[in-house]
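Observations on chain architecture
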Amino acid sequence: MMDWEESFQAGLRKILRPEQFIFHAPMSEHTTFKIGGAADVLIFPSTPGEVADVFKLIDEFKIPLTILGNGSNVLVLDKGIRGAVMKFSDRFFGNIQVAGKKIIAGAGAKLADVSKFAAKNYLSGTEFAVGIPGSIGGAVFMNAGAYDGEMKNIVANVKAVSKSGELLNFGRDVLDFGYRQSVFQRNDCAICEVELELTSGDYYEIKNKMDDFTARRESKQPLELPSAGSTFKRPRGYFAGTLIDKTGLKGLRVGGAMISEKHAGFVVNAGGATADDVLQLIDEVKKRVYEAHGVTLNPEVRIIGE
């Protein structure tokens, strides 16, 4: 136990319930890649007030902080994460409600659940998100998208907490969405609540669209193996998976990490993969694709830890 941990734990006990924090938490159990060493402490807030209180405690102890959504678009390195990890999970921060043509969801709500909830309330606009494995907070952070839809088209407002503990509102005009980008990648705020502005629709039309997207995803993507979703960003004018496939790299392995034989855009954990295996495989793919096509691939997955 590090010298700050006992006092920090005492501080957490004043803010959170015992089930809301874990010391020395293996991040392989809290990410979709099933890879990664332990975080010093993993924290699950359930309200913006708790987020603010945890921020103040972290500032008091001067320890590093990493913020995660569902852990679906990250590769945690093998030595884990120093300091605190704040994770917005659907168990503690996953409330979803409807107000007219708006859906208001806690940052930890899963995108698939938000999409299905919208459909049940005859609201259209989230169909593209039904198969994206992340939380809505993570989706806003990354401006997630699929099938010609993306978060920037439906987000009306975001409530977030600043590092100083202040609750802030971000209207759509200041979210600065771009390809897999948002203002939250630069401002150190924790996304707490997302308001979506949708349109009225026919339930069966919405459901048919969602079923179509789900069937397409299931037929093309390696959902049967752990991954962090699409590994590489789409290079301008190309598709990463197509370039990797044309280079003949499907099935290429380093240790337990493998280029999916189903979809070349995915690195999968084929069994016992380490983060180092994944990084070596990413480097090898980048090198071979550049040699074959003169195109530089960049990872879409967030690489965190040490």
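Attention here is on the structure that accompanies the text. Everything quoted here is computed from the prediction, not taken from an experiment. The numbers attached to residues start from 1 for each chain and follow its sequence in the written order. In keeping with the predicted nature of the model, local features appear solely for residues at pLDDT of at least 70, side-chain atom pairs appear and are counted solely at 80 or more, and the whole-chain, interface and lining totals rest on all residues. Side-chain descriptors were evaluated using all non-hydrogen atoms of the structure, hydrogens and water having been removed beforehand.

The strand order β6-β7-β13-β11-β12 describes an open sheet built from 5 strands, whose pairing is antiparallel. Each of the sheet's edge strands pairs with one partner strand only, and the pair in question is β6 (96–99) and β12 (167–171). Ignoring which end each strand starts from, the neighbouring axes of this sheet average 20 degrees apart. Note on contacts: a residue pair qualifies if any of its non-hydrogen atoms lie within 4.5 Å across the two residues. All axes here are fitted lines through C-alpha atoms, helices being fitted over the stretch that makes contact, and every angle between N-to-C directions spans 0 to 180 degrees. Elements are defined by DSSP. Helices are runs of H or I of four residues or more, strands are runs of E of two residues or more, and each kind is numbered from the N terminus. On the sheet, helix α4 (residues 111–120) packs against β6, β7 (102–106) and β13 (190–197) and is oriented at approximately 35 degrees with respect to β6. DSSP calls a pair of strands paired once it identifies at least 2 bridges connecting them.

The subject of this paragraph is the nonpolar core. Grouped burial of nonpolar side chains is what soluble globular proteins tend to show. Among the nonpolar cores identified, the biggest contains 53 residues, and F8, L12, M151, F184 and L196 are the most heavily contacted of them. By residue number, the principal contributor to this core is helix α2 (residues 48–61), which donates 6 residues. Contact partners of F184, with chain neighbours within four places excluded, come to V140, F141, V158, A160, F170, L175, C189 and I191. Within this scheme, the nonpolar core is defined by two criteria: the residues are buried Ala, Val, Leu, Ile, Met, Phe, Trp, Tyr or Cys, and they are joined through side-chain atoms within 4.5 Å. The rule is simple: take the accessible area with a 1.4 Å probe, protein chains only, and divide by the maximum for that residue type; under 20% is buried, over 50% is exposed, in between is partly exposed. Core analysis: the next-biggest nonpolar cluster, separate from the first, contains 26 residues, L77, L281, V285 and V289 among them.

As a further point, take the environment of D78. Locating D78 in the fold gives a position in the loop between β4 (74–76) and β5 (81–87). D78 gets classed as partly exposed once you look at its relative accessible area, which sits at 37%. Expressed as a C-alpha distance, the spacing of D78 and E150, which sit 72 residues apart in the sequence, is 32 Å. Setting aside its immediate chain neighbours within four residues, D78 contacts I35, G37, T274, A275, D276 and E306. A 3.5 Å cut-off defines polar contacts: any pair of N or O atoms within that distance qualifies, except that in protein one atom must be a possible hydrogen donor and the other a possible acceptor, and neighbouring residues in sequence count only when both atoms are side-chain atoms. A distance of 2.8 Å separates the side chain of D78 from the backbone nitrogen of A275, its partner in a polar contact. A polar side-chain atom of D78 sits 3.0 Å from the main-chain amide nitrogen of D276.

Looking now at the packing of helix α1 (residues 5–15) against α2. Put simply, α1 and α2 touch, their axes get as near as 10 Å, and they point 160 degrees apart. Here α1 lies roughly antiparallel to α2, going by the angle between them. For the pair α1 and α2, the sense of crossing is right-handed. The segment α1 lies against α2, with S7, F8, G11, L12 and I15 engaging E50, D53, V54, L57, I58 and F61. When its residues are assigned to classes, the contact of α1 with α2 shows 7 nonpolar, 2 polar and 2 charged. Oblique is the label for every angle not falling under 35 degrees (roughly parallel), over 145 degrees (roughly antiparallel), or within 65 to 115 degrees (roughly perpendicular). In a left-handed crossing the near helix is turned counterclockwise from the far helix by less than a right angle, and in a right-handed crossing that turn is clockwise. Each residue receives one of three labels: charged for Asp, Glu, Lys and Arg, nonpolar for Ala, Val, Leu, Ile, Met, Phe, Trp, Tyr, Cys and Pro, and polar for the others, Gly being one of them.

This next bit is on α2. Think of an α-helix as 3.6 residues a turn; residues three or four steps apart then line up on the same face. Every helix has an expected span of 1.5 Å times one less than the residues it contains. When the terminal C-alpha atoms of α2 are compared, their 20 Å separation across 14 residues agrees well with the 20 Å that a helix rising 1.5 Å per residue should span. E50, V51, A52, V54, F55, L57 and I58 are the residues of α2 that are buried. K62 sits one or two positions beyond α2 and adopts a positive phi of about 55 degrees.

In this section: the pairing of strand β2 (residues 38–43). Sheet faces and side chains relate simply in a regular strand, where the side chains alternate between the two faces. For β2, the buried fraction is high: 5 of the 6 residues fall into the buried class. With 5 bridges connecting them, strand β1 (residues 21–26) and β2 associate as antiparallel partners. Bridge assignment links P26 to a residue of β2, and that residue is A38. The pairing of β2 with β5 spans 4 bridges and is parallel. If you follow A39 over to β5, its bridge partner there is I81.

In the Ramachandran plot, K62 falls in the positive-phi region, its phi being about 55 degrees despite a non-glycine side chain. Relative to the helices and strands, K62 is located in the loop between α2 and β3 (65–68). For K62, a relative accessible area of 63% puts it in the exposed group. The phi angle at Y147 is positive, at roughly 50 degrees, despite the residue not being glycine. Here Y147 lies in the loop between β9 (145–146) and β10 (149–150). Y147 gets classed as partly exposed once you look at its relative accessible area, which sits at 26%.

Geometry only, nothing functional implied.
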